[in-house]
Protein chains: 2
Amino acid sequence: MLMQNNHAFDHVEKTGEAIDAGQSLSCLFLSSAAEPVSAGKAICWEGDKAKHLFQVEEGVVRLHRIIGEGRRVITAFLFAGDLIGASLQNDFIFTAEAVTECKIRRMSRKSFHEEVARSEALVPAYISLLCQEAAAAHEQMVLLSKKNAEERLCSFIVKLASRRNPRPRQGLVRVPMNRQDIADHLGLTIETVSRTITKLASRNIVIPEGRHDLRIVNLPRLIQLSGDADDFSDDSCHRVKLH
Amino acid sequence: MLMQNNHAFDHVEKTGEAIDAGQSLSCLFLSSAAEPVSAGKAICWEGDKAKHLFQVEEGVVRLHRIIGEGRRVITAFLFAGDLIGASLQNDFIFTAEAVTECKIRRMSRKSFHEEVARSEALVPAYISLLCQEAAAAHEQMVLLSKKNAEERLCSFIVKLASRRNPRPRQGLVRVPMNRQDIADHLGLTIETVSRTITKLASRNIVIPEGRHDLRIVNLPRLIQLSGDADDFSDDSCHRVKLH
DNA sequence: CGCAGAGTTGAATAACGTCAATTGATGTGG
DNA sequence: CCACATCAATTGACGTTATTCAACTCTGCG
């Protein structure tokens, strides 16, 4: 569920299928106006009847659940093109909030399903999307289950980096969310996130530039530290390129 | 992805839709023979091309991934009726192994998708199944992110208990998997699982009877301790009330 | 009976969390 | 443009929880 439509690394080619999945479904939303949502504002609430699906036209969205008092889990960040609520049955099982200024399109769940059912092409696109979500959820479970703080951070940064950046300056990755968001997504505290970034910086792997940018100095090492890399691939290094 | 087709609690009614989802899809597998798989044996391997889907006819199956050396994550346990690989695109992203003696049916992924596409009724059933998996994956992410050892164990036991037990003796829950399996599913170590069960037993909440059964003595408390419970629900309140 | 594997228990340790103080960034009004 | 206020992020000291490593117990089985 983390960062849908994207694999962890650039060198894993997106299948044509996967690209179509997002894009053909996106067309359904074009008939509705793109509503602006300012940063921090909610788009839908956990527990509400899922009458609508949404599409992120622009900006970054977080999906979260709250358990107990003050325990927040961010199950996913969504980016331009992603759908909100594709995998819902009846109710929203998460709250969606704008991380940055967003433009959001909506359509009723009913007509979404009708449109999908109507078109031969959209059913596989929709199914493909659901499968991608499942794969992402799998990844996230592995991260939360067995990775330490450093591996979590590195995995997260690599995933951010592998996404086409809005402003693709050399090795500079935009981090739209704040430290608390990152912490709640990685199952850590804000302090641990901060300390871990500091440690990575001291080892000259990534260097924070302001609150919302990271310069990636040593990508191969970063990938290696993410815990997903083949331990035996000395070429895990040059296989992966940023853009 | 945890224990598909089931909600956490008995009192949460399954929707007719959800039941149909599993059952109508199951029919597709009836044409193939039920192959016996003995405990511990693999059904498919992570990384292999997903040429087949499987259905658990009988027994319990675990899905896992290995990262690094000796780190295993069990992303789900599957029970009779569940499908293995419904949410796959190309390759298996997990290894499936029999926890107990199993009977497994298979069918090619190609013909599965053809059959589903052919039938008006099966598409929504399939989509419904994928959505249930997504919801279960969400739950599991919350558990792994924000719950402590006790809450994890209690959540797990409640989920087991809410599943229709093979031998539904009063408050006795069958636990087919061993401690290591439980640990790898809950993101804990075997020792922590053991200690936590001991602690729950000393508080007279559940009592282990042999290695593979748990007697549930105080279900309301168990639910409360699982961390999912409504803090304001009537009977969790009077229990918590100060003397 | 004795062995092997699974499970439990205990003590020491490491990793992350908590609390509190400090630094740094951003934004605003003079 | 600077001074100040405010909030985000970092850093440090300390506490807690789960892990690690090791010893021991229990169970099933030949």
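From a predicted model like this one, the values you see are computed outputs, not experimental measurements.

Focus: the protein's contact with DNA strand D
And step 1. Near DNA strand D there are 16 residues, and of these Ser194(A), Thr198(A), Ala149(B), Thr192(B) and Arg195(B) occur at the shortest range.
And step 2. The protein-proximal atoms of DNA strand D, defined as those within 4 Å of the protein, are 61% sugar or phosphate.
And step 3. At 2.9 Å from a phosphate oxygen of DNA strand D is found a side-chain nitrogen or oxygen belonging to Arg179(A).
And step 4. Note that a phosphate oxygen of DNA strand D is positioned 3.1 Å from one of the side-chain N or O atoms of Thr189(B).

Quick look at the packing of helix H2 (residues 109–118) of chain B against helix H3 (residues 122–146) of chain B
All names here are of chain B.
And step 1. With their axes 7 Å apart at the nearest point, H2 and H3 run at an angle of 120° to one another. Regarding the angle of H2 to H3, the classification is oblique. Where H2 abuts H3, its residues Phe-112, His-113, Glu-115, Val-116 and Ala-117 lie against Leu-122, Val-123 and Tyr-126.

Observations concerning the protein's contact with DNA strand C
And step 1. Taken together, 16 residues form the shell around DNA strand C, and within it Thr192(A), Arg195(A), Arg211(A), Arg195(B) and Thr198(B) come nearest.
And step 2. In the interface set of DNA strand C, defined as its atoms within 4 Å of the protein, sugar plus phosphate atoms amount to 62%.
And step 3. Here a base nitrogen of DNA strand C sits 3.0 Å away from a polar atom, N or O, in the side chain of Glu191(A).
And step 4. One of the side-chain N or O atoms of Arg211(A) is found 2.9 Å from a base nitrogen in DNA strand C.

Overview of the packing of aromatic side chains
Residues and elements named next belong to chain A.
And step 1. Tallied over the full model, the rule gives 10 aromatic pairs over all chains.
And step 2. Taking the centre distance of 6.2 Å and the plane angle of 45° together, the rings of Phe-29 and Phe-112 count as tilted. Residue Phe-29 is located in the loop between helix H1 (16–27) and strand S1 (35–37), and its partner Phe-112 is located in helix H2 (residues 109–118); the two are separated by 83 residues in the primary sequence. Phe-112 matches Phe-29 in its accessibility class, with the two residues each being buried.

Here's the deal with the sheet that holds strand S8 (residues 102–108) of chain B
And step 1. Reading across the sheet, the four strands line up as S1-S8-S3-S6 (chain B) and stay open at both edges, with antiparallel pairing between neighbours. Bordering the open sheet on either side are strand S1 (35–37) and strand S6 (83–84) of chain B, each of which pairs with just one other strand.

Digging into helix H6 (residues 190–202) of chain A
Residues and elements named next belong to chain A.
And step 1. The end-to-end C-alpha distance of H6 is 18 Å, a good match for the 18 Å that 13 residues give at a rise of 1.5 Å each.
And step 2. Residues Val-193, Thr-196, Ile-197 and Leu-200 constitute the buried set of H6. Around the axis of H6, the buried residues are gathered within 100° of arc, so they sit on the same side. Exposed residues pointing more than 90 degrees away from the buried face of H6 are listed as Arg-195, Thr-198, Lys-199 and Ser-202.
And step 3. For H6, the secondary structure elements touched by its buried residues are helix H4 (149–162), helix H5 (179–186), strand S10 (206–208) and helix H7 (219–225).
And step 4. One or two residues past the end of H6 sits Asn-204, with phi positive at roughly 60°.

As for the pattern of salt bridges
And step 1. Evaluated as defined, the whole model comprises 32 salt bridges over all chains.
And step 2. In this structure, Arg72(A) engages Asp184(A) in a salt bridge whose closest nitrogen and oxygen atoms are separated by 2.6 Å. Separated by 112 residues along the polypeptide, Arg72(A) in strand S5 (residues 71–78) and Asp184(A) in helix H5 bring together distant segments of the chain. You'll find Arg72(A) and Asp184(A) in the same group, each marked buried.
And step 3. Here Glu150(B) ties to Arg203(B) by a salt bridge, and the two come within 2.4 Å at their closest N and O atoms. You can see Glu150(B) sitting in helix H4 (residues 149–162) and its partner Arg203(B) sitting in the loop between helix H6 (190–202) and strand S10 (206–208), a full 53 residues away along the chain.
And step 4. On the accessibility criterion, Glu150(B) (22% relative accessible area) is partly exposed.
And step 5. Salt bridges sharing partners connect three or more residues here, namely Arg62(A), Arg72(A), Glu97(A), Asp181(A), Asp184(A) and Lys146(B).

Cut-offs and rules
- Residues numbered from 1 in each chain as written.
- Chains lettered and ligands numbered in written order.
- Predicted model: local features only at pLDDT ≥ 70, side-chain atom pairs only at ≥ 80, totals over all residues.
- Heavy atoms only, no water.
- Near = heavy atom within 4 Å.
- Polar contact = N/O pair within 3.5 Å; in protein donor to acceptor, adjacent residues only side chain to side chain.
- Axes fitted to C-alpha atoms, helices over the stretch in contact; angles between N-to-C directions.
- Helix = DSSP H or I, 4+ residues; strand = E, 2+ residues; numbered from the N terminus.
- Parallel < 35°, antiparallel > 145°, perpendicular 65-115°, else oblique.
- Contact = heavy atoms within 4.5 Å.
- Phe/Tyr/Trp six-rings, centres within 6.5 Å; stacked < 30°, edge-to-face > 60°.
- Buried < 20%, exposed > 50% of the residue type's maximum accessible area, 1.4 Å probe, protein only.
- Pairing = 2+ DSSP bridges.
- Expected span 1.5 Å × (residues − 1).
- Arc of directions from axis to C-beta.
- Salt bridge = Lys/Arg side-chain N within 4 Å of Asp/Glu carboxyl O.

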